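# Observations on the model geometry
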Number of protein chains: 2
Amino acid sequence: MATDIEIARAATLKPIREIAEAAGIPEDALEPYGKYKAKVSLDFVAAQQGRPDGALVLVTGINPTPAGEGKTTTTVGLGDALNALGTKTMIALREPSLGPCFGVKGGATGGGYAQVVPMEDINLHFTGDFHAITSANNLLAAMVDNHLYWGNGTGLDARRISWRRALDMNDRALRGIVASLGGVANGFPREDGFDITVASEVMAVFCLAKDLADLQARLGRMVVGQTRDGRAVTAKDLKADGAMAVLLRDAFAPNLVQTIEGSPALVHGGPFANIAHGCNSVMATRLALKLADVVVTEAGFGADLGAEKFLDIKCRQAGLKPAACVVVATVRALKMHGGVAKADLGTEDVAAVKRGVVNLARHVENVGKFGIPVVVGLNRFSSDTEAEIAAVQAAMHAMGTEAILCTHWGDGAKGAAGLARAVKGLIDGGRADFAPLYTDHVSLAGKIETIAREVYRAGSVAIPAPVAAKLKRFEEDGFRDLPVCIAKTQYSFSADPTALGAPTGHVLPVREVRLSAGAGFVVAVCGEIMTMPGLPRRPAAESIHLDAEGRIEGLF
Amino acid sequence: MATDIEIARAATLKPIREIAEAAGIPEDALEPYGKYKAKVSLDFVAAQQGRPDGALVLVTGINPTPAGEGKTTTTVGLGDALNALGTKTMIALREPSLGPCFGVKGGATGGGYAQVVPMEDINLHFTGDFHAITSANNLLAAMVDNHLYWGNGTGLDARRISWRRALDMNDRALRGIVASLGGVANGFPREDGFDITVASEVMAVFCLAKDLADLQARLGRMVVGQTRDGRAVTAKDLKADGAMAVLLRDAFAPNLVQTIEGSPALVHGGPFANIAHGCNSVMATRLALKLADVVVTEAGFGADLGAEKFLDIKCRQAGLKPAACVVVATVRALKMHGGVAKADLGTEDVAAVKRGVVNLARHVENVGKFGIPVVVGLNRFSSDTEAEIAAVQAAMHAMGTEAILCTHWGDGAKGAAGLARAVKGLIDGGRADFAPLYTDHVSLAGKIETIAREVYRAGSVAIPAPVAAKLKRFEEDGFRDLPVCIAKTQYSFSADPTALGAPTGHVLPVREVRLSAGAGFVVAVCGEIMTMPGLPRRPAAESIHLDAEGRIEGLF
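Keep in mind the model is a prediction, meaning the values are calculated, not measured. (Residues numbered from 1 in each chain as written. Chains lettered and ligands numbered in written order. Predicted model: local features only at pLDDT ≥ 70, side-chain atom pairs only at ≥ 80, totals over all residues. Heavy atoms only, no water.)

## Let's talk about the UniProt feature "binding site: ATP" (unreviewed entry) in chain A
Residues and elements named next belong to chain A. For clarity, the threshold we go by: UniProt positions are given in the numbering used here, feature names are shortened, and annotations may be inferred rather than shown by experiment. Strands are runs of DSSP state E lasting at least two residues, helices are runs of H or I lasting at least four, and both sets are numbered from the N terminus onward. Should any heavy atoms of two residues lie within 4.5 Å, those residues are counted as being in contact. Relative accessibility under 20% of the residue-type maximum defines a buried residue, over 50% an exposed one, and the middle range a partly exposed one, all with a 1.4 Å probe and only protein chains included.
Sequence positions flagged by UniProt for "binding site: ATP" (unreviewed entry) are, in local numbering, Thr65, Pro66, Ala67, Gly68, Glu69, Gly70, Lys71 and Thr72. By the secondary structure assignment, Pro66 is in the loop between strand E3 (55-61) and helix H4 (71-84). Excluding residues that lie within four positions of it along the chain, Pro66 makes contacts with Met336 and Lys342. Tracing the sequence through the fold places Gly68 in the loop between E3 and H4. Given a relative accessible area of 25%, Gly68 falls into the partly exposed group. Each residue touching Gly68, except ones within four places of it in the same chain, is listed here: Thr330 and Ala333.

Structural data, given as structure tokens:
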């Protein structure tokens, strides 16, 4: 069986200007980056604003397990299949982070015959967007310390600086540092640390801004810390917003690539799905909606985190109204939710499927609460048995939804034809009536409670007094109307990663809250969250190299 | 008078494929980055190796002063003027560093009507090369700490780790840090720090490697630290070399841009001229020599540092043989060498010119020691008087060299026509007989002494016993044949930045020596060197922003 990289390399790519032309983007609106990648000019994007929007389809998933689900693959396969059916479709995806490539993870560009290409480029530096975001993040950090160094005119309390530095690298040594050591010339020593670039608020701002002016304004609103008496100091107070916007200007134009089957794909931005909202840029999604009749996009992690944030944060802020949603599952993953160990997944176990399907059922039900019709994409593995598949399909049928078998990994577009027809049916049915789960005017604690009750099915929310006081303070400072962005484990509906299936009655512990004033949400941290990954004992980097012809070996 | 950025924006650029075609690079050898920048494919570069080389012209300068000299501007103006004379000429320059753009410095792409464009792009992210170098540097750093974390199989002594992290940012807070704080999960706390990317050995390696295989091999030889008993641990020992080469692969292809007058320019790589050798990549220089009859290139700082390293390190390693050299000076700068304060430069002072011209004379004499014929390019300022200019020209004439007045800043190619004819005359005269200042087989201390005596005119070299022992150790470890790279102040022939003019008899104090085994040189640190700049009280970043049309304001 061919590997993803072998399939990607064997694919014949079209020049990106041909992909663009078919998508309605003239050559003079392209900034090429090599022959197969291009940025679409911001002027062209702006000029499309009067056009009607296509239908937006969200691809989300069950709570992830080590068995794998194939959400990106389904996003790509579905887009290809819709195009094959004659529906003009674009795909909108996140850009992969460079750091994890050198750890344990493969690429993030789909798999098999459902990939976006050129996959090596997209998984490595791509068009440099993440580097620009890293630079903007770190310029602000340098300006914070420079501000302290030259007299600290704002009265920023060095102990209350929340702005951290960033690198697009898995590097645990940088999680906690003391900076400015070495004497007078190097500044005032203080505790600091680095997050991976995708966890930077700059990344979230980049992905939620609707134009350059909004980008610069959001950057200016970002809070870098507090004064001794609790007053927020912002990037604008330090006059860093303009230079940061300059660093991001070119990156802010969406990136156009293609799938192996030639569908146009906008791959742009990639915020973490824990501390941020986990989906591609508003710029890319809105452009795609102007150009295509259907746009297929993806949200990170399971639907409890990814879809909820996509709908309550991104769609709310950008005024998007999804027409349909696909929840991706696999028999194998559902068996894990039913209690089967990974090593035993090869053995038929219909009872386990029936136990585990509750996870899928709840995600389907949850998406319905947003007023969006749902279909399930069931990615077939060769080890799946007919009886196991039938058990999933029966459970979904019983709740008024279909589970459509998909084989796009091995078969490309035709493997997702059924799913595409079902999605088209949902769109054409016109049943979508999207509304976010809560209105802006609910209190911040009330928003957390709504999500906990309606999506996580928690019995209660535990907000310690100091955290509640902080929420109160955010509200008094004028941030009551912001949505909340919950950071919790992706493995469970609850905050306990081992509670698979569909737990109820649990307590959601809100450990900490943070204001992301530029991104425009309040982060509620529920449990441990990791904002800088580490490398494993044997990092993938050790086996990555160039062969004698200069080709990359060992990356995927 | 129009500013540099106004002139650059008003210029009509040709599509980069037209520039390439005229330079002999077919479109299929280009990887475009937007419409006006492109990388030239490594396959095309390799395919040119059988062709004869053009003539290599080095542009260097007197010791820099706050008055400014205009070395890059002269490089560009000379290239344009040679092309205007009908000599097929390419320009090879360093890429600017991003960090200083936000501090005090303007761009590094020339000035007036002698600029490479698009200047905003080149001065900001350009084609992402420096970001790739930053990533490679920091992947190695992450792998060093990961190696300690997972058991430290090589026995690396955490106190003897010399590999530092890097960012392309002016950030004094990162000069000295303690990393890996926060408990067991974050590793073993240790002292560390960041250098600006241009000071990374990866940058030097990138600029000296002759092909991808050489790049990967050099990366592998880089020393990250020592074991307790003094054995070197390399990037290859940590299996980081392959992944680093993968990160650098695309960046390693030279970047093609154009001057305002349409000359082709390769702008590629940019190592610091103190801790490294301070000139553009070997890849770019060698490609240019294959494509053009004359290649004009530049070395950093004054000729005592930049030209010496260009000749003794880059030309030695790459087998290059310069045909001619231009030493750039201005009347104003020579007056400062003659003791005039910056505020008084507007007043005619022929006596000061005559006192200061000794600095220029010595650089001219020094270049002659390498067997290269020299001409002086005298950049004219409006405040220069005829008598002052005549004083410089007379002094040069007396030593058998011409000082040619140049006005390319305001006049473009025609302002450097005289210089171009003089350079062409030197090339056609065929008098060049290049040899480095010392042979490989001299001891490391002997090489330092040769440079000190012949170039700096020091009376003696002070090498403390521990430094001498370290040199001895390098020699025993097999590095005796490497050239030395001296890091000292650029403002004087001596290690004292206030000793202007042409000091003699001074002592060169060698404070420290470092092995750059990947770059292939031994750094001798003579005085303070700065490998991470800071931001000034009012950083340029504070006034940089996007205007309502998304244009960059305040950058230059």
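## A short note on the side chain of Gln258 of chain B
Relative to the helices and strands, Gln258 of chain B is located in strand E14 (residues 255-259). If we ignore the near neighbours within four places in the chain, the residues touching Gln258 of chain B are Leu13, Lys14, Ile19, Tyr36, Gln115, Val116, Val117, Ser263 and Ala265 of chain B.

## Observations regarding the environment of Cys315 of chain A
Residues and elements named next belong to chain A. By the element assignment, Cys315 lies in helix H11 (residues 303-318). Residue classification places Cys315 among the buried residues on the basis of a relative accessible area of 2%. Between the C-alpha atom of Cys315 and that of Val282, which follows or precedes it by 33 residues, the distance is 8.9 Å. With residues near it in sequence (within four places) discarded, Cys315 still touches Phe310, Leu320, Pro322 and Phe434.

## Some points on the relation of the copies chain B and chain A
Threshold: Alignment of copies: least-squares fit on C-alpha atoms of residues with pLDDT of at least 70 in both copies.
Overlaying chain B with chain A gives an RMSD of 0.0 Å, the required rotation being 180 degrees about an axis along which the chain moves by 0.0 Å. Taken together, the rotation and translation relating the two chain copies correspond to the operation of a two-fold axis. Considering only C-alpha atoms, the part of chain B nearest the rotation axis is Tyr33 of chain B, at 2.2 Å. Both copies present the same face, since 98% of the interface residues in chain B are matched by interface residues at the equivalent positions in chain A.

## Here we look at the nonpolar core
Which entries qualify depends on this criterion: We call a set of buried Ala, Val, Leu, Ile, Met, Phe, Trp, Tyr and Cys residues a nonpolar core when their side-chain atoms join them within 4.5 Å.
In terms of nonpolar packing, the biggest core is built from 318 residues, with Leu360 of chain A together with Leu360 of chain B touching the most fellow members. In contact with Leu360 of chain B, not counting residues within four places along its chain, are Ile62, Val327, Ala329, Leu334, Val376, Val392 and Met396 of chain B.

## Examining the interface of chain B and chain A
Short version of the rule: The term buried area refers to how much accessible surface (probe radius 1.4 Å) is lost by two components on association, counted for both of them together. Salt bridges are counted wherever a side-chain nitrogen of Lys or Arg sits within 4 Å of a carboxyl oxygen of Asp or Glu.
Contacts between the two partners involve 65 residues from chain B, matched on the other side by 65 residues from chain A. Between chain B and chain A, the buried area comes to about 5,700 Å², and carbon and sulfur atoms account for 62% of it. When the area that chain B buries against chain A is broken down by residue, the three leading residues are Arg172, Val246 and Leu546 of chain B, summing to 11%. Summed over the shared surface of chain B and chain A, the number is four salt bridges.

## Let's talk about the domain arrangement of chain A
Interface size is commonly expressed as the accessible area that is lost once the parts come together. All names here are of chain A. As a reminder of what qualifies: Boundaries between domains were set according to an automatic or database domain assignment.
Domain boundaries assigned for chain A yield domain 1 (4-126 + 251-429), domain 2 (130-248) and domain 3 (444-526). Placing a centre on the C-alpha atoms of domain 1 and another on those of domain 2 gives a separation of 33 Å. Counting residues at the interface gives 27 residues for domain 1, matched by 21 residues for domain 2. Of the roughly 1,900 Å² buried between domain 1 and domain 2 on both sides combined, carbon and sulfur atoms contribute 68%. The interface formed by domain 1 and domain 2 contains zero salt bridges.

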